[in-house]
Amino acid sequence: MSSDDFHRTLHSLRVWDTELPGFDTAAAPDEPLPLFRQWFVEAARAGEVEPHTMSLATVDAAGRPDVRVLMLHDADPRGWHFATHATSAKGRQLAEHPDAALGFYWPALGRQVRLRGRVSACGPEESRADLAVRSRGALAAALTGRQSEVLDGTEELARASAAAWERAGAEPDAPVPTWTRYVLSPTEAEFFQGDAARRHVRLRYRRTGSTAWVRELLWP
């Protein structure tokens, strides 16, 4: 593909060429969780195919940022839940630097949600329960293991995956000791509502104590 093709395509794209919902910040709840749940349901009903996908940003041992997309497993008063291998790149990074950020983007509504806070690892029992309610494919992927390690070739992956799928079918409660559920407890949460005239609405919740939240508007 030529550079011209890339730039022609890039500059032809538009965002929010549709009617977007409003955002009455005065009616927003006192804390972010109820608003997140409301926006999440509205995103799913608006046709977002994967509203539960989110970006997780961490930093490595040298302080260099890292980001990837993964799935939300829950959002409750404890925080926003996800899971991975403790031995993966993000698992190792969180063990050393537990501060992280999450980002959701729902283009059908022109909405973003950004969260920053500290991540804690759940215990073995809760982590096992997290995997137990997921699909055979999810268990097979977890059993394949070695996430983020260097792979010698696709044949090696095919063999390991086939063995993991077979075991997941025969042993649906197979243990995966490194599988860990994590919870990000936010100290900041921002709700962004896009506007076609670029008068975007940004509402930030900022925690000032163990339970208290301050709400403030931000310039777009």
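I will try to describe carefully the structure that is included in this document. (Residues numbered from 1 in each chain as written. Predicted model: local features only at pLDDT ≥ 70, side-chain atom pairs only at ≥ 80, totals over all residues. Heavy atoms only, no water.)

Section: the packing of aromatic side chains
- One pass over the structure, following the stated rule, counts 12 aromatic pairs.
- The interplanar angle of 75 degrees and the centroid separation of 5.3 Å between the aromatic rings of phenylalanine 36 and tryptophan 80 together place this pair among those described as edge-to-face. One end of the pair, phenylalanine 36, is in helix α2 (residues 32-45); the other, tryptophan 80, is in strand β4 (residues 79-85), with 44 residues separating them in the sequence.
- Plain terms: the ring middles of phenylalanine 82 and tyrosine 182 are 5.6 Å apart, the flat faces sit at 20 degrees to each other, and that makes the pair stacked. One end of the pair, phenylalanine 82, is in strand β4; the other, tyrosine 182, is in strand β7 (residues 179-193), with 100 residues separating them in the sequence. Pair check on accessibility: phenylalanine 82 and tyrosine 182 agree, each one buried.
- Here a set of aromatic residues connected by ring pairs shows up, and it is made of Phe23, Trp39, Phe191, Tyr205 and Trp213.
- Between the NZ or CZ atom of arginine 111 and the centre of the ring of tryptophan 39, over which it lies, the distance is 4.2 Å. (Phe/Tyr/Trp six-rings, centres within 6.5 Å; stacked < 30°, edge-to-face > 60°. Helix = DSSP H or I, 4+ residues; strand = E, 2+ residues; numbered from the N terminus. Buried < 20%, exposed > 50% of the residue type's maximum accessible area, 1.4 Å probe, protein only. Lys NZ or Arg CZ within 6 Å of the ring centre and 35° of its normal.)

Quick word on the packing of helix α5 (residues 136-144) against helix α6 (residues 154-170)
- Interaxial distance between α5 and α6 falls to 8 Å at its minimum, and their mutual angle equals 130 degrees. Considering the angle they form, α5 stands oblique to α6. Handedness of the α5/α6 crossing: right-handed. Here α5 contributes Arg136, Gly137, Leu139, Ala140, Leu143 and Thr144 to the contact with α6, which in turn contributes Leu157, Ala160, Ser161, Ala164, Trp165, Glu166, Arg167, Ala168 and Gly169.
- When grouped by side-chain class, the residues that make up the contact of α5 with α6 number 8 nonpolar, 4 polar and 3 charged. (Axes fitted to C-alpha atoms, helices over the stretch in contact; angles between N-to-C directions. Parallel < 35°, antiparallel > 145°, perpendicular 65-115°, else oblique. Left-handed = near helix turned anticlockwise from the far one by under 90°. Contact = heavy atoms within 4.5 Å. Nonpolar A, V, L, I, M, F, W, Y, C, P; charged D, E, K, R; others polar.)

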